[in-house]
Amino acid sequence: MSTSTVAPTGPLRIGPHTVQPPVVLAPMAGITNAPFRTLCRSFAGGDPTDTASAGKGLYVSEMITTRALVERNDKTMQLITFSASETPRSIQLYGVDPVTVGKAVRMIAEEDLADHIDLNFGCPVPKVTRKGGGSALPYKRHLLRAILREAVTGAGDLPVTMKMRKGIDDDHITYLDAGRIAVEEGVTSIALHGRTAAQHYGGTADWEAIARLKEHVPEIPVLGNGDIWSADDALRMVRETGCDGVVVGRGCLGRPWLFADLVAAFEGRTTFARPTLREVADVMVRHATLLGEWIGDESRGVIDFRKHVAWYLKGFAVGSEMRKRLAITSSLDELRAGLDELDLDQPWPTGADGPRGRTSGNNRVVLPDGWLKDPYDCTGVTEEAEMDTSGG
C-alpha cells in the first residue's frame, strides 16, 4: 500500500476529448496493438465486452507510417483497427514528407479512422533517424513546421498532438524551439520524453526539461514521459514538473495492471495492485489469447506473446530453464502447462516495480548525410524518405 496523495492536476483536454485521469499509454512498436490496449484499458476500468465502457485514460496505437497508410498496406490497415469499446480512437503517425503526412491525415479525417492523431518525433531507432524521421526531425525547424501545418490543416476537427525528445544529443537540443513551433501551428498538446535520441533509453530521464517546456508553452498541455515505473512516479512527475499529464511506456511492459494503479493514484486512492504469480499467469494467458484472436491464429498469437514472458515474470522465483521454456511455447495449452508447474502462490516480489525493457544509452545517432549542417535547410527530404511499413 502506498501513502501518496493525489497529484495536483485536473482533467487533460485533447481537443474535444477529456482524458481523466491524465494518463496516456505510449505508442510502442510491436507492443501497443489492439490486444495490449484492450488489456490495459480493462485494468483501467474498461470492460472490453461493453461498447460503452472505454477505460480511463488514453491508449495510443503503435506507430503507423504515413506512406503505408496512404498505400493501404494490409498490415497497417490491421494496426489501425480499433475495437468497438475504444474511445477516443488514437493513432500515432510517423512521417518525414509533409505532402505524404497531409495525405495520411486527410485520409484519417475523411474516412473516420480515428478521433485523435499523434505525430511521432521521438523514435530514436537507426532505421527511423537515418531517414531524418523520429527524434532527428525537429532539428530541421522548417520541416517540422511544414509537417505540423499539413497535419493540423488536414485533420479538420480532429486534434493533433506530438511526442518528441529533448533533441538529438546534448549539443543539439531542440525541444523548446519545437514546442514553440507546435503552438504556432495549432498542435493541441505536446508529450516530452526527457531524453535525447543519443540516450535511447539509458541513464535517467531529465524531468527538469519537462518543467522547462511547460513554462515555455503555457498555452497548451504538456505531458511528461520517461522513468515512470509506478503510480508514485507518475504523481511525483506531475508535482515536480507541473506537467498536465503523464505518458507511460516501458513501465507497463508485463504490467498492464499499472493502469489500475494510475487511475487509483490520480483519484486519491492508495491501494495498488500487487498480484500473486497465479494472478500474473492468468493475465499472461489472457494476453496470449487476445493476440491469437486478433491475428486469427492461436499459434502465431502465442509466438508473438513470447517477447512479453520475461517482463511478466520479472522478480518472481522462476528458474532460467523454465523461463526459456515458456519463451518458446507455441500454443495456449503449452503456455498454460508451463505456468501450472510454477509456484503460483508467490506474492508480488519486492523490487519488481523498477525499470524494465530496453536500457541502452549513449548511442551514436544515425542521421542522413549533412543533417546537422543547417537546422533550417530541408533540401533532400522527399517522399523517398518515407518508410513503407508500420509498427516501428
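Residues numbered from 1 in each chain as written. Predicted model: local features only at pLDDT ≥ 70, side-chain atom pairs only at ≥ 80, totals over all residues. Heavy atoms only, no water.

Student: Help me understand the pairing of strand E11 (residues 190-193) in this model?
Tutor: Side-chain positions along a regular strand alternate between the two faces of the sheet. Going residue by residue along E11, you find Ile190 and Leu192 tucked away on one face and Ala191 and His193 tucked away on the opposite face as well. By the bridge criterion, 4 bridges tie strand E8 (residues 160-165) to E11 in an arrangement that is parallel. Residue pairing for E11: lysine 163 is matched across the bridge by alanine 191. In terms of strand pairing, E11 meets strand E12 (residues 222-225) through 4 bridges, oriented parallel. Among the inter-strand pairings, histidine 193 is bridged to a residue of E12, identified as asparagine 225. As for the winding sense of the linkage, the β-α-β connection from E11 through helix H8 (residues 207-216) to E12 is right-handed. (Buried < 20%, exposed > 50% of the residue type's maximum accessible area, 1.4 Å probe, protein only. Helix = DSSP H or I, 4+ residues; strand = E, 2+ residues; numbered from the N terminus. Pairing = 2+ DSSP bridges. Right-handed = clockwise from strand over helix to strand, strands pointing away.)

Student: Even after reading the chapter, I still don't get the environment of threonine 204, so can you show me in this structure?
Tutor: Structurally, the position occupied by threonine 204 is in the loop between E11 and H8. Overall, threonine 204 belongs to the exposed group, its relative accessible area being 62%. When the C-alpha positions of threonine 204 and glycine 226 are compared, they lie 8.1 Å apart, and in sequence the two are 22 residues distant. Ignoring any residue separated from it by four or fewer positions in sequence, one finds threonine 204 in contact with Gly194, Arg195, Gln199 and Asp227. (Contact = heavy atoms within 4.5 Å.)

Student: How should I be thinking about the confidence of the model for the protein chain in this particular structure?
Tutor: Low pLDDT means the predicted atomic positions in that stretch should not be read closely. Chain-level statistics for the protein chain give a pLDDT mean of 91 and a share of 92% at 70 or above. Every residue in residues 1-6 scores below 50 in pLDDT, and together they form 15 contacts with partners more than four places removed in sequence or on other chains. Confidence drops under pLDDT 50 across residues 48-53; counting only partners more than four residues distant or on other chains, this segment forms 12 contacts. (pLDDT = per-residue confidence, 0-100.)

Student: Could you clarify how one ought to interpret the pairing of E8 in this entry?
Tutor: For E8, the tally of buried residues reaches 6 of 6 residues, placing the bulk of the element in the interior. Where burial is concerned, the two faces of E8 agree: the one with Val160, Met162 and Met164 and the one with Thr161, Lys163 and Arg165 are both buried. Direction of pairing for strand E7 (residues 116-121) relative to E8: parallel, over a ladder of 5 bridges. If you follow asparagine 120 over to E8, its bridge partner there is lysine 163.

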